[in-house]
Amino acid sequence: MALLARRIVVQGIVQGVGFRPFVYRLAQKYRLNGWVLNSGEGVQIHLEADQPQPLEAFVKELTTLAPEAARIEQVSVQSAPPEGYSRFEIRTSRRDTPLETGISPDLHVCQACLQELFNPVDRRYRYPYINCTHCGPRYSIILALPYDREQTTMRPWPMCPACQAEYHDPSNRRFHAQPTACPHCGPTYFLEKHGEERARGYEAIKQCARLLAAGDIVAIKGLGGYHLACDARNARAVEALRTRKYRKEKPFALMASSLEEVQRWVLLSEDAAQLLTAVARPIVLLPRNPEARTALPESLAPENTELGIMLPYTPLHYLLFRAGAPSLLVMTSGNRSSEPIAYRDDDARRRLQGIADAFLIGERAIARRVDDSVVRVTPYGKLFVRRSRGYAPAAVTNMPVKQPVLGVGADLKNTLTLVVNGKAYVSPYIGDLEYYSVRESFQQTLHDLTAMYRVPLEDTLVVHDAHPGYHSTQLAQELGRQRMAVQHHRAHIYAVLAERNAWEQTVIGIALDGTGYGDDGSIWGGEVFVGSLKEGLNRIHHLFPAFLPGGDAAARNPVQAAAGFLAQLAELPDLHAPPFRFPKTFNLAFQLVQQGVRAFPTTSMGRLFDTVAALLGFTQPMTFEGQAAIWLEQQARRSPEVPPYPFPDLDYRPLLAQVIADRQQGRPIPQIARAFHQALANTCVKIGDRLARQFGTNIVVCAGGVFQNSLLIELLHKQIPSTLQLWFPHAVSPNDESISLGQAAAALQLG
Ligand code: ZN
Ligand code: ZN
Ligand code: FE
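Cut-offs used in this document
- Residues numbered from 1 in each chain as written.
- Chains lettered and ligands numbered in written order.
- Predicted model: local features only at pLDDT ≥ 70, side-chain atom pairs only at ≥ 80, totals over all residues.
- Heavy atoms only, no water.
- Donors = N, O, S within 2.8 Å, 3.2 Å for Na, K, Ca; no water.
- Tetrahedral: all angles 85-135°; square planar, octahedral: opposite > 155°, others 65-115°.
- Helix = DSSP H or I, 4+ residues; strand = E, 2+ residues; numbered from the N terminus.
- Buried < 20%, exposed > 50% of the residue type's maximum accessible area, 1.4 Å probe, protein only.
- Domains from an automatic or database assignment.
- Buried area = accessible area lost by both parts, 1.4 Å probe.
- Salt bridge = Lys/Arg side-chain N within 4 Å of Asp/Glu carboxyl O.
- Polar contact = N/O pair within 3.5 Å; in protein donor to acceptor, adjacent residues only side chain to side chain.
- Pairing = 2+ DSSP bridges.
- Axes fitted to C-alpha atoms, helices over the stretch in contact; angles between N-to-C directions.
- Contact = heavy atoms within 4.5 Å.
- Parallel < 35°, antiparallel > 145°, perpendicular 65-115°, else oblique.
- Nonpolar A, V, L, I, M, F, W, Y, C, P; charged D, E, K, R; others polar.
- Core = buried A, V, L, I, M, F, W, Y, C linked by side-chain atoms within 4.5 Å.
- pLDDT = per-residue confidence, 0-100.
- Left-handed = near helix turned anticlockwise from the far one by under 90°.

A. Structural detail: the coordination of the zinc ion (ligand 1). Protein-derived coordination of the zinc ion (ligand 1) comes from Cys110 (SG), Cys113 (SG), Cys132 (SG) and Cys135 (SG), at a distance range of 2.3 to 2.4 Å. Considering all four donor atoms around the zinc ion (ligand 1), angles at the metal cover 103 to 117° and the coordination shape is tetrahedral.

B. Spatial organisation of the coordination of the iron ion (ligand 3). Here the iron ion (ligand 3) is held by the protein donor atoms His488 (NE2), His492 (NE2), Asp513 (OD), Asp513 (OD) and Asp736 (OD), which lie 2.0 to 2.8 Å from it. Sequence spacing of the donor residues for the iron ion (ligand 3), all on one chain, is H-x3-H-x20-D-x222-D. Here Asp513 lies in the loop between β23 (507-512) and β24 (526-532) and His488 lies in helix α13 (residues 488-499), a separation of 25 residues in the sequence. In this pair, the class of His488 matches that of Asp513, namely buried.

C. Representation of the domain arrangement of the chain in the model. Once the domains are mapped, the chain shows domain 1 (4-90), domain 2 (103-186), domain 3 (189-362) and domain 4 (384-510 + 732-750). Centre-to-centre, using C-alpha coordinates, domain 3 lies 31 Å away from domain 4. Between domain 3 and domain 4 lies a buried interface of about 770 Å² when both sides are counted; carbon and sulfur atoms form 54% of it. Across the contact surface, domain 3 and domain 4 share zero salt bridges. Across the contact surface, domain 3 and domain 4 share four residue pairs in polar contact (both at pLDDT 80 or more).

D. Seen up close, the pairing of β23. The buried fraction of β23 amounts to six of the six residues, a majority that puts the element mostly inside the structure. Where β23 and β24 come together, six bridges link them in antiparallel fashion. Counted as the bridge partner of Ile510 is Val528 from β24. The pairing of β23 with strand β28 (residues 699-703) spans four bridges and is classified as parallel. Bridging from a neighbouring strand, Ala511 pairs with Ala703 of β28.

E. Summary view of the sheet that holds strand β7 (residues 196-200). On the basis of which strands lie adjacent, the open sheet formed by 11 strands has the order β7-β6-β14-β8-β9-β13-β10-β12-β11-β15-β16 and mixed pairing. A strand with exactly one partner marks an edge of an open sheet, and here the two such strands are β7 and β16 (381-386). Pairwise comparison of adjacent strand axes, ignoring direction, gives a mean angle of 35° for this sheet. The sheet contacts of helix α6 (residues 235-245) involve β9 (226-231) and β13 (328-333), and relative to β9 the element is tilted by about 145°.

F. Just unusual backbone geometry, in detail. Put simply, Ala392 and Pro393 share a cis peptide bond, and its omega is 5°. Structurally, the position occupied by Pro393 is in the loop between β16 and β17 (395-398). Pro579 follows Pro578 through a cis peptide bond whose omega is 0°. As for its position among the elements, Pro579 is in the loop between α14 (558-566) and α15 (584-595). Look at Tyr246: it is not a glycine, yet its phi comes out positive at around 55°. Relative to the assigned elements, Tyr246 resides in the loop between α6 and β10 (254-256). You will see that Arg598, though not glycine, has its phi angle at about 45°, which is positive. Structurally, the position occupied by Arg598 is in the loop between α15 and β27 (599-602).

G. Fine view of the side chain of Glu166. As for its position among the elements, Glu166 is in helix α4 (residues 161-168). Leave out the neighbours within four places in its chain, and Glu166 touches Arg123, Arg124, Asn172, Arg174 and Phe175.

H. Spotlight on the pattern of salt bridges. Throughout the structure, instances matching the rule amount to 36 salt bridges. For Arg351, the salt bridge is made with Glu339, and the minimal N-O distance between the two is 3.2 Å. Of this pair, Arg351 sits in helix α10 (residues 345-352) while Glu339 sits in the loop between β13 and α10, and the two are 12 residues apart along the sequence. Residue Glu339 is classed as partly exposed on the basis of its relative accessible area of 28%. A salt bridge links Asp448 to Arg368; the nearest nitrogen and oxygen atoms lie 2.4 Å apart. Of this pair, Asp448 sits in helix α11 (residues 436-452) while Arg368 sits in the loop between β14 (358-362) and β15 (374-378); the two residues are 80 residues apart in sequence, bridging distant segments of the chain. Taken individually, Asp448 and Arg368 each receive the classification buried, so the pair is uniform in this respect. Each of Glu306, Arg376, Glu633, Arg637 and Glu714 takes part in a single network of salt bridges with overlapping partners.

I. Expanded view of the packing of helix α17 (residues 627-637) against helix α19 (residues 669-695). The interhelical angle for the contact between α17 and α19, taken along N-to-C directions, is 105°, at an axis separation of 7 Å. Classified by the angle their axes make, α17 and α19 are roughly perpendicular. Facing Trp631, Leu632, Glu633, Gln635, Ala636 and Arg637 of α17, the residues of α19 in contact are Ile669, Pro670, Ala673, Arg674, Phe676 and His677. Across the contact of α17 with α19, the residue classes break down as seven nonpolar, two polar and three charged.

J. Region of interest: helix α20 (residues 710-719). Taken together, the buried positions of α20 are Ser710, Leu711, Leu712, Ile713, Leu715 and Leu716. Looking at the buried positions of α20, the neighbouring elements they touch are β15, β16, α17, α19 and β29 (725-727). Capping of α20 at its N-terminal end is provided by Asn709; its side-chain oxygen lies 3.1 Å from the backbone amide nitrogen of Leu711.

K. Representation of the sheet that holds strand β1 (residues 4-13). Taking strand neighbours across the sheet as the criterion, the five strands line up as β4-β1-β3-β2-β5 in an open arrangement whose pairing is mixed. Unpaired on one side and paired on the other, β4 (71-79) and β5 (88-90) mark the two borders of the sheet. Averaged over all pairs of adjacent strands, the angle between their axes in this sheet comes to 15°, without regard to strand direction. Of the pairings in the sheet, the one linking strand β2 (residues 33-39) to strand β3 (residues 42-49) comprises seven bridges and is antiparallel in character. Residue Val36 lies in a different strand from β3, and its bridge partner there is Ile45.

L. A look at the nonpolar core. Core analysis: the biggest nonpolar cluster contains 68 residues, and Leu566, Phe582, Met605, Phe647 and Leu656 have the highest contact counts within it. Ranked by the residues each element gives to this core, the list is headed by α19, at 12 residues. The next biggest cluster of nonpolar side chains, apart from the first, holds 45 residues, and it includes Cys132, Ala199, Val218 and Ile283.

M. Structural detail: the confidence of the model for the chain. Confidence in the prediction for the chain averages 93 pLDDT; 98% of positions are at 70 or higher. Predicted confidence for residues 96-100 stays below pLDDT 50, and this span has 18 contacts to residues more than four positions away or in other chains.

N. Region of the structure containing the packing of helix α16 (residues 605-615) against helix α18 (residues 653-664). Where α16 meets α18, the closest approach of the two axes is 10 Å, and the angle between their N-to-C directions is 15°. Comparing the axis directions of α16 and α18 gives the class roughly parallel. Viewed along their axes, α16 and α18 form a crossing whose handedness is right-handed. Along the contact surface, α16 presents Leu608, Thr611, Val612 and Leu615, while α18 presents Leu655, Leu656, Val659, Ile660 and Arg663. Split by residue class, the contact of α16 with α18 holds seven nonpolar, one polar and one charged.

O. The arrangement of the environment of Arg369 in detail. Here Arg369 is to be found in the loop between β14 and β15. Each C-alpha atom, one on Arg369 and one on Ser140, is 7.1 Å from the other, the two residues being 229 residues apart in sequence. Excluding residues within four positions of it along the chain, Arg369 makes contact with Gly224, Pro340, Ile341, Tyr343, Ser437 and Ser441. Here the side chain of Arg369 touches Ile341 through a polar contact of 2.8 Å, landing on its backbone oxygen.

Following this line, the structure appears as structure tokens:
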């Protein structure tokens, strides 16, 4: 019998990522006996040896050589009595324990699988559903936990003997690879045109590539939903897609065949290249390569200096490019306008039939909708614009709460956060609860999370927004017995504190946002707080108040928002005259403010951005959320550094007066936009610095949708004194996707 033994528990994302076969191979390497199994607490390992050295080497390589997709959060090693094993074995899962191990997000196809995919003698040559324990679908195919083939959408395809042999062989890369399949036993793709099947298997992929090259629009089933694809360099195809999709100006996401191809179209930094090639394969927003600008149709991303671009991530994408699809494809979500992305075949056929010329349909069902993730690059690292495929629903942080907690999020960019056994799982981006189908997704995601982690809703604390009119607030009333409301902008700040495990840390919180229901019932969005997660946040300062004439409609019309802000100025020029040329809607809105009719008090920073954009020429209604602010940021990026406008203590009146004067004197628009950005960064630093001293902290937390502006973050980074730390959200987005996490974190205040 061996002299020494160790009991090891590994926690984090270690299920469904090839962790047990990896442990097996590592044990073989050091000739260690014992076993490995998946349990409720994570992966458990028992090891035996006569000497300590191989045990130590094993423990070291356990973290350094772990599969790319595993995320190890904790490894505990304890001595144990030897039990006399004569070999190392993988034990089957214990099903009856509560599950603490995270559900893995969907993963990019790995290098080993790609090599087989293009190897003519491999039995999975050109097979679009190739995968292994290191890669492939997870969350998008799971019907229930534990993660077993029978509980995935691969259930209808029993494995052939060859696949079974691999599945049961601990030394094989496909050992217990739940979605494994091959051309003999598994699902395939087929091409459909006018409701008729035209080709199957690789022939279907080849024909699809040909259609794309010829300028057709094809609906292609991906990992978490349908994409609408066309040749990004074919102006006629891109414009047809815009018209048919009713998508006027919002930029289309792109997929490039390789990193070299990406480099032709955008300016690629080292950090951006790393994000593009990460296992999650997100869409990365990057500045266009000015030399290549005219080679792309303007309608791809009208008036936009950035492109959202991603690399292929499923075997199908690689096959399409290899089969001759154009090397730069539009890959936009398969929906009409702002509806949620289609993921069920019949629904896709019905909703996309007037848009797509053909359908490339995969037989494997998608269990739930998962959108592509979108990120930006900042001096503080990656910034989520949308956190979904590849990242969600991984746990983002630990939280010291005993009872399960559910945060139901905000309405516009809804997500859910479930805290169970001290881990906070943030769902993928769900969408705008205004749509019925999004409310259905909300219910499905809620069911998914609570069923997978076996959380009874009766015992769950449900936390919702303080807005009485929110759909999410209404939905919360139907859930659980215990409920709690959290103010929107406090939730923004709490989310950042939660991801840093800063429960008691006193901070200054600056929440800059479009909209959110305030304590006094007015529309907040430019708020400064002091306090901590444990004790709560006090509002100590805010943007100088303005009015929002017409309520929510003002959020879509910059001149309408402008009326509510400009009415606070002592004098105004004729804004209908050049250079402003405001449309008549401005006058109507201005009168509402003056008469106090349907004009709602607000401190929204988002609307101040809209106001400045309107003064600089963005006077038409927006066709997508945040459009005016994005336009303003891009204008500002065209200008070198300039002195900031006055913005004393967030009083915008001297600032707007200066913007108007400069505009009248013909100062270039980019310079005005830049001076505005610098004014905002400047005043945030000044207020943060002053209040931090006053309240004895050195931490300033920045959150809210306005911080999706990476120029603002760059300017803050440059100006912040070394005595202060700036905290931005990293694990979740700064926009309303983070509200559910902040809500759930507020449960700590109940003790
Ligand atoms: Zn693989
Ligand atoms: Zn097979
Ligand atoms: Fe918000």
